[in-house]
Amino acid sequence: SNDYRMVVFGAGGVGKSSLVLRFVKGTFRESYIPTIEDTYRQVISCDKSICTLQITDTTGSHQFPAMQRLSISKGHAFILVYSITSKQSLEELKPIFEQICQIKGDVENIPIMLVGNKIDETSGREVESSDGEALSKRWKCAFMETSAKTNHNVKELFQELLNLEKRR
Ligand code: GDP
Ligand code: MG
């Protein structure tokens with residue numbers, strides 16, 4: 001298909017919207033504006049043709065379980081974001097990963113990227129790189145650390161997920 005749908009999950013405040021806005025618009029804001037759900041569309045070139053990349057930025061909380069299930073059903077690839085400054089935010093990804101497994105079944109064939117964001121906040125680090133790496137091995141998914149603030153690894157994150165999807 002020429003339509004890739006990526007969904008971004010993670011606890012409130014970890015930087016989901018910031019990563020998406022950095023990638024789609026090239027901007028970053030210091031203020032925190034809670035999201036309900038936003039979808040961004042981009043036309044990109046892939047394999048000598050063009051395709052539509054649709055990125056859904058979710059609320060991150062469990063306030064809307066029906067919306068979460070629908071986003072998982074419709075999604076082709078998933079970005080699971082925690083903040084390296086919060087162990088709790090890593091814990092909060094576990095039920096989301098389990099729900100992806102439940103809904104998608106054969107999760108090994110689904111592109112998933114575990115993302116530790118806010119690596120610019122070096123003094124506040126609570127989650128070591130090796131912790132994120134270990135969890136990604138357990139989940140058999142990809143792993144990356146990013147900063148939406150400094151634009152570290154943001155393009156690479158979306159590009160890598162697209163590459164994983166093309167390789168399926
Ligand atoms: P969301 O709830 O997961 O969508 O989080 P937001 O994208 O709204 O970001 C929450 C707060 O964290 C905002 O104040 C952002 O400016 C800040 N933030 C997001 N990404 C980063 C980052 O990479 N580094 C730092 N230092 N702050 C960030
Ligand atoms: Mg948000």
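Residues numbered from 1 in each chain as written. Chains lettered and ligands numbered in written order. Predicted model: local features only at pLDDT ≥ 70, side-chain atom pairs only at ≥ 80, totals over all residues. Heavy atoms only, no water.

Student: Run through the site of ligand 1, naming residues and quoting values.
Tutor: Surrounding ligand 1, one finds 20 residues, the nearest of these being Gly-13, Ser-18, Arg-29, Glu-30 and Asp-120. Between Lys-16 and ligand 1, the recorded distance is 2.7 Å, taken from a side-chain N or O atom to an oxygen atom. A distance of 2.7 Å separates an oxygen atom of ligand 1 from a polar backbone atom of Arg-29. Protein burial of ligand 1: of its 580 Å² of free accessible surface, 93% is covered by the chains. The cavity that encloses ligand 1 is the largest pocket. Of the residues forming the shell around ligand 1, the biggest block, three residues, is contributed by helix α1 (residues 16-25). Residues of the shell around ligand 1, tallied by class, amount to five nonpolar, eight polar and seven charged. (Near = heavy atom within 4 Å. Polar contact = N/O pair within 3.5 Å; in protein donor to acceptor, adjacent residues only side chain to side chain. Areas by Shrake-Rupley, 256 points an atom, 1.4 Å probe, with all protein chains shown as cover. 1 Å grid on protein atoms, 1.4 Å probe; cavity = no way out; pocket = protein on both sides within 12 Å on 5 of 7 lines; lining within 4 Å. Sits in = over half its atoms within 2 Å of the grid points. Helix = DSSP H or I, 4+ residues; strand = E, 2+ residues; numbered from the N terminus. Nonpolar A, V, L, I, M, F, W, Y, C, P; charged D, E, K, R; others polar.)

Student: Describe helix α6 (residues 154-166), naming the residues involved and giving the relevant values.
Tutor: Taking 1.5 Å per residue, 13 residues should reach 18 Å; α6 reaches 19 Å between its end C-alpha atoms and fits that length. Within the span of α6, buried status applies to Val-154, Leu-157, Phe-158, Leu-161, Leu-162 and Glu-165. The arc that holds the buried residues of α6, viewed along the axis, is 125°, so those residues lie on one side. (Expected span 1.5 Å × (residues − 1). Buried < 20%, exposed > 50% of the residue type's maximum accessible area, 1.4 Å probe, protein only. Arc of directions from axis to C-beta.)

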